Amino acid sequence: MNNPATDIGAIFENAYRKLLSNDLCNGIGGEIPLYIQPFPAEHQAEADQLTEELAKRLGKKGKSAIVINLYDLCMEILSEEGILETLLTDESSLDKDDILATLDSVLDVKSVVIPRLCSLIEETSPDFVLISGVGSVYPFLRSHSILNNLEELASHQAVVLFFPGNYNKLQLSLFGRISDENYYRGLNLDDVQTPNQDI
């Protein structure tokens, strides 16, 4: 029998049931309703696909959801700035520090990434915002830097960040190995209780 904590299919099935059976769109103390769904890092590719499927399943139940893959978003921004092709074709000849400095500038969380997230959310005004691709953008974007700036988002949507690693209500551990800065504002979706019911 598969362990529900490591079975990627079971993790997403539980997330689906919780998103439908709980009023997750109300923040606590006026803060944005933010949930973190950890999953085994080795299932990153599957998780990205399952996040898309989750949004479709929620839609069939009358709950709108937008999926924002951070990797795809970053590639789009780099392409718009005319930098992506240069990075891809000339990476071997470019100085590593120059590449990192360019990425830090072009993909600045506060001035670029968060405003783009806000714009995408405002366009559709969904019930749920599902954020994926976290592992793919490391180390250029750090989970805590995204999470700590999410107060810019509208507070009537529940945000679920699918995290490849562990979250113990205090610290994020990317891939189960890399400790991020302390973070305690998000609820671990695994800890949300759901009534037993067929959905």
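Look up: the structure comes first, before these words.
Rules behind the numbers
- Residues numbered from 1 in each chain as written.
- Predicted model: local features only at pLDDT ≥ 70, side-chain atom pairs only at ≥ 80, totals over all residues.
- Heavy atoms only, no water.
- Phe/Tyr/Trp six-rings, centres within 6.5 Å; stacked < 30°, edge-to-face > 60°.
- Helix = DSSP H or I, 4+ residues; strand = E, 2+ residues; numbered from the N terminus.
- Lys NZ or Arg CZ within 6 Å of the ring centre and 35° of its normal.
- Polar contact = N/O pair within 3.5 Å; in protein donor to acceptor, adjacent residues only side chain to side chain.
- Contact = heavy atoms within 4.5 Å.
- Buried < 20%, exposed > 50% of the residue type's maximum accessible area, 1.4 Å probe, protein only.
- Pairing = 2+ DSSP bridges.
- Axes fitted to C-alpha atoms, helices over the stretch in contact; angles between N-to-C directions.
- Parallel < 35°, antiparallel > 145°, perpendicular 65-115°, else oblique.
- Nonpolar A, V, L, I, M, F, W, Y, C, P; charged D, E, K, R; others polar.
- Core = buried A, V, L, I, M, F, W, Y, C linked by side-chain atoms within 4.5 Å.
- Left-handed = near helix turned anticlockwise from the far one by under 90°.

## Thoughts on the packing of aromatic side chains
Phase 1 of the analysis: Scanning all chains against the criterion turns up one aromatic pair.
Phase 2 of the analysis: Centre to centre, the rings of Phe 12 and Phe 162 are 5.0 Å apart; their planes meet at 10°, and the pair counts as stacked. With Phe 12 in helix α1 (residues 8-21) and Phe 162 in strand β4 (residues 158-167), the pair connects residues that are 150 residues apart, well separated along the chain.
Phase 3 of the analysis: When the ring centre of Tyr 16 is taken as reference, the NZ or CZ atom of Arg 57 above it lies at 3.7 Å.

## A closer look at the side chain of Thr 51
Phase 1 of the analysis: For Thr 51, the location among the structural elements is in helix α2 (residues 44-60).
Phase 2 of the analysis: In this structure the side chain of Thr 51 is engaged in a polar contact, spanning 2.7 Å, whose partner is the backbone oxygen of Ala 47.
Phase 3 of the analysis: Once residues within four sequence positions are removed from consideration, Thr 51 is found in contact with Phe 12, Val 67, Leu 130, Ser 132 and Phe 162.

## Quick look at unusual backbone geometry
Among all residues save glycine, negative phi is the norm, and among peptide bonds the norm is trans.
Phase 1 of the analysis: Notably, Ser 125 is not glycine yet its phi reads approximately 45°, a positive angle.
Phase 2 of the analysis: The topology assignment puts Ser 125 in the loop between α6 (109-124) and β3 (128-132).
Phase 3 of the analysis: Judged by relative accessible area, Ser 125 falls into the partly exposed class, the value being 44%.

## Concerning the pairing of strand β2 (residues 65-69)
Phase 1 of the analysis: Judged by how many residues are buried, β2 sits mostly within the fold: four of five residues are covered.
Phase 2 of the analysis: Pairing between β2 and β3: five bridges, direction parallel. By the bridge assignment, Asn 69 is partnered in β3 with Ser 132.

## Regarding the packing of helix α3 (residues 70-80) against α6
Phase 1 of the analysis: In contact at an axis separation of 11 Å, α3 and α6 are set at 110° when each is read in the N-to-C sense. Relative to α6, the element α3 is oriented roughly perpendicular. Counting all contacts with α3, which are made through Leu 73, Glu 76, Ile 77 and Glu 80, the residues of α6 involved are Val 112, Val 113, Arg 116, Leu 117 and Leu 120.
Phase 2 of the analysis: Each residue belonging to the contact of α3 with α6 can be placed in one class, and the counts come to six nonpolar, no polar and three charged.

## Here's the deal with the nonpolar core
Phase 1 of the analysis: In this structure, Leu 78 and Leu 150 are the most contacted members of the largest nonpolar core, which totals 35 residues.
Phase 2 of the analysis: For this core, the element with the most residues is α6, which contributes six residues.
Phase 3 of the analysis: Counting residues in hydrophobic clusters, the runner-up holds 21 residues, among them Ile 8, Ala 15, Tyr 35 and Leu 58.

## So, the packing of α1 against α2
Phase 1 of the analysis: For the pair α1 and α2, the least separation of the axes is 10 Å and the interaxial angle reads 30°. Here α1 is positioned roughly parallel relative to α2, judged by the angle of their axes. Between α1 and α2 the crossing geometry is right-handed. On α2, the residues touching Ile 8, Phe 12, Glu 13, Tyr 16, Leu 19 and Leu 20 of α1 are Glu 46, Ala 47, Leu 50, Thr 51, Leu 54, Arg 57 and Leu 58.
Phase 2 of the analysis: When grouped by side-chain class, the residues that make up the contact of α1 with α2 number nine nonpolar, one polar and three charged.

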